[in-house]
Amino acid sequence: MAQTRVRRVAAAARAAVSWRAWDRAARRGRVTAALAGLTALLLAGHRAVPNTPGRLGSLLEAFLPWLGLAVVPLLTLAVLRRSVLALVAVVLPVAAWAYAFGGLLLPAGEPGPRDLVVVQHNVSDVNADPAGTARVLAAAGADLIALEELVPGALPAYERTLAAEYPFHEVRGTVGIWSRHPLSGTRTVDIKPADITEGWSRGLRTVARTPHGEVAVYVAHLPSFRLGAGGLGTARRDESARLLGRVLHAEPAGPVIVLGDLNGTVDDRGLSPLTSQLNVPERGFAFSFPASFPLARIDQVMARGATVGRVRTLPATGSDHLPVTARVTPA
């Protein structure tokens, strides 16, 4: 009888120890697992993050691809804690990132005979070498080159340097387009926010007569945003995006290409008036700003009635932006 009681007590003790060990193992890594789950939720559900106060949603979306880097410290913590729970949880942000951005890493398709090669570049209004910048852009062999922050003092240098390869060009305000193909019907597009009273012209529309048909081309430079104590200041940019979106909505059917410094990424909800009705690049990240350490692509190539293939950056110029180039294939 006594031995039976001893065995029962010993078994109960072993069970208690096993339970405590299991409980400690289950608890170990809970914080890491919770952070991994939160990262996955932010990647997959960034639209649910409110934009007030401080435009937090737009701030997150401006750098959304970089959120995937959180996997590195999370995985390190999971290994150090020897937590199966945390290791399993880290799979969630990996899967969310792959779903959102993995397609951008896939190989691009072969160039087609109907492709238009386009270049987009904010050349900077303080660029000390406009001729050198123009040579870098011309070397890309594009059909169309869109430029922003064109200032009167630098414009002749772009005109001279690009004239041989791009005999057709149009400039309205501080934006312009150079083309290998004839341009017609060029007009200014008013995207000026209501509270700007001084002269301000940053949008144009033209029609390029390509060998494969006419294509409406827009060049736009949306207002900059500023990060301050009150958060991300995007009110002007968002208003300008809405104005451009209305113009695009009224654009007749047919291939449309939009090129510009839009001061926002394609994930930023502030650009939804554009991204909701335009195709964005299918391949490539092409972070273009700032040129010294690119963190985001705010220089965009979008299209309607056409697909945008891989987007990539070109060599640095005298600008604080990197040029971007892409192939656009009309439907």
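Everything here concerns the structure above.
Conventions adopted
Residues numbered from 1 in each chain as written. Predicted model: local features only at pLDDT ≥ 70, side-chain atom pairs only at ≥ 80, totals over all residues. Heavy atoms only, no water. Pairing = 2+ DSSP bridges. Helix = DSSP H or I, 4+ residues; strand = E, 2+ residues; numbered from the N terminus. Axes fitted to C-alpha atoms, helices over the stretch in contact; angles between N-to-C directions. Contact = heavy atoms within 4.5 Å. Core = buried A, V, L, I, M, F, W, Y, C linked by side-chain atoms within 4.5 Å. Buried < 20%, exposed > 50% of the residue type's maximum accessible area, 1.4 Å probe, protein only. Polar contact = N/O pair within 3.5 Å; in protein donor to acceptor, adjacent residues only side chain to side chain.

Q: With reference to specific residues and values, describe the sheet that holds strand β4 (residues 175-179).
A: The strand order across the open sheet built from 6 strands is β3-β4-β2-β1-β13-β12, with neighbouring strands paired in mixed fashion. Edge positions in the sheet fall to β3 (168-172) and β12 (306-313), since each has one partner strand and no second. Strand-to-strand twist of the sheet, defined as the mean angle between neighbouring strand axes without regard to direction, takes the value 15 degrees. As judged from the 5 bridges shared by strand β2 (residues 144-148) and β4, these two strands associate in the antiparallel manner. Bridging across to β4, A146 finds its partner in I177. Of the strands in this sheet, β2, β3 and β4 touch helix α7 (residues 155-162), which is tilted by about 10 degrees from β4.

Q: An account of the nonpolar core is needed here, citing residue identities and associated values.
A: Of all hydrophobic cores here, the largest spans 23 residues; its most connected members are V118, I177, V217, I257, L259, V301 and V328. Apart from the residues lying within four places of it in its own chain, the contact partners of V301 are V118, Q120, V258, L259, N279, V280, P281, V308, V324, A326 and V328.

Q: With reference to specific residues and values, describe the sheet that holds strand β5 (residues 183-188).
A: Strands sit in the order β5-β6-β7-β10-β11 across an open sheet of 5 strands; the sheet is mixed. In this open sheet, the two edge strands, each paired with only one partner strand, are β5 and β11 (299-304). Each neighbouring strand pair of the sheet contributes to a mean axis angle of 15 degrees, computed without reference to strand direction. Bridge count between strand β7 (residues 213-221) and strand β10 (residues 256-261): 6 bridges; the pairing is parallel. Within β10, the position partnered with V219 by the bridge is L259. Lying over the sheet, helix α8 (residues 235-249) contacts β5, β7, β10 and β11, oriented at roughly 170 degrees with respect to β7.

Q: Just give me the short version of unusual backbone geometry, but keep the residues and values in it.
A: The omega angle of the peptide bond from F289 to P290 is -10 degrees, so this bond is cis rather than trans. Looking at the secondary structure, you find P290 in the loop between α9 (272-275) and β11. Although it is not a glycine, S124 sits at a positive phi angle of roughly 75 degrees. Structurally, the position occupied by S124 is in the loop between β1 (116-122) and α6 (130-138). Located in the positive-phi region is N263, a residue other than glycine, with phi close to 50 degrees. Within the fold, N263 resides in the loop between β10 and α9. Overall, N263 belongs to the buried group, its relative accessible area being 7%.

Q: Tell me what's going on with the side chain of Q120, and back it up with residues and numbers.
A: The residue Q120 is located in strand β1 in this model. At 2.5 Å, the side chain of Q120 forms a polar contact with the side chain of E148. In this view, Q120 contacts A146, E148, L259, G260, D261, D299, Q300, V301, P323 and V324; residues no more than four positions away in its chain are not counted.

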